[in-house]
Structures are given as C-alpha cells and as structure tokens.
Amino acid sequence: VQLVESGGGLVQPEGSLRLSCAASGIIFSGYYMNWFRQAPGKQREVVATITSGGIKTYADSVKGRFTISRDNAKNTVYLQMNSLKPEDTAVYYCNAWRMLGQNYWGQGTQVTVSS
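Quick summary incoming for the structure in this document.

Definitions and cut-offs
- Residues numbered from 1 in each chain as written.
- Predicted model: local features only at pLDDT ≥ 70, side-chain atom pairs only at ≥ 80, totals over all residues.
- Heavy atoms only, no water.
- Helix = DSSP H or I, 4+ residues; strand = E, 2+ residues; numbered from the N terminus.
- Buried < 20%, exposed > 50% of the residue type's maximum accessible area, 1.4 Å probe, protein only.
- Pairing = 2+ DSSP bridges.
- Axes fitted to C-alpha atoms, helices over the stretch in contact; angles between N-to-C directions.

Now for unusual backbone geometry. In this structure, N75 takes a positive phi of about 55 degrees despite not being glycine. As for its placement among the helices and strands, N75 is situated in the loop between β7 (66–71) and β8 (76–81). You can call N75 partly exposed: its relative accessible area is 25%. Its identity as a non-glycine residue notwithstanding, S83 has a phi of 50 degrees, on the positive side. Looking at the element boundaries, S83 is found in the loop between β8 and β9 (90–98). Since its relative accessible area comes to 29%, S83 is described here as partly exposed.

The following block contains the structure:
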C-alpha cells in the first residue's frame, strides 16, 4: 500500500495550495480518506475527512477555507486550501481508513505559510 502526497510548499498568507494524495494497493473507493496535520511541538490533528459515500467533515479551524474532494477513478484525494494563515503551517498527512481496522499513512508534505 502506498499513499503519496504532493503539492506542499511555501505560500504567503492569504494564498492557496492544493494537496494531492495518490493511493495504490487498496480498493480506494471503500476507504474513508483523511487529511491530518502536525505542527512543530503539537499533536497530529485531523483537518478534513471524506467518507466512502462522499460525506465531508472539517476541523473548525479550517471550515470555509479548506475543501476536501476525491476522485475514485484516479484513486486520489485532494485538499484545496484557500486563505492560508501562518497557523496552517504544518506537515500534512494523507490517511486511508476503513472499519475493518485498516489504516494507512502517507509520508507527509510540508506546508509553510509565511511572508
């Protein structure tokens, strides 16, 4: 199983980035897909989730600014991040989960929001 994130980088405050996570080795459509992030010195936290049925949930801190989506034909989940703030700076991780106890992580991609 592989989850490969891309799209991170350095962006100015109020800028935008789109993260992608390409999955292989799993039946992608059957998994909940999540984006987590971890800032230095802080615990990893969930940012957004999209269920296998397409239901989306967000952390309060990103509601209205971030959008999660998935393309089952491409085995890819996306995180569109707009109006970025310095406090969004973190390593962002893709996660695939389903109720049978299968839980997979990507290697993470750095997002830095700074002027």
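Okay, the sheet that holds β8 next. Strands sit in the order β1-β3-β8-β7 across an open sheet of four strands; the sheet is antiparallel. Each of the sheet's edge strands pairs with one partner strand only, and the pair in question is β1 (2–6) and β7. For this sheet the average axis-to-axis angle between neighbouring strands, irrespective of direction, equals 15 degrees. Here six bridges tie β7 to β8, and the two strands are oriented antiparallel to one another. Paired with D71 across the strands is T76, a residue of β8.

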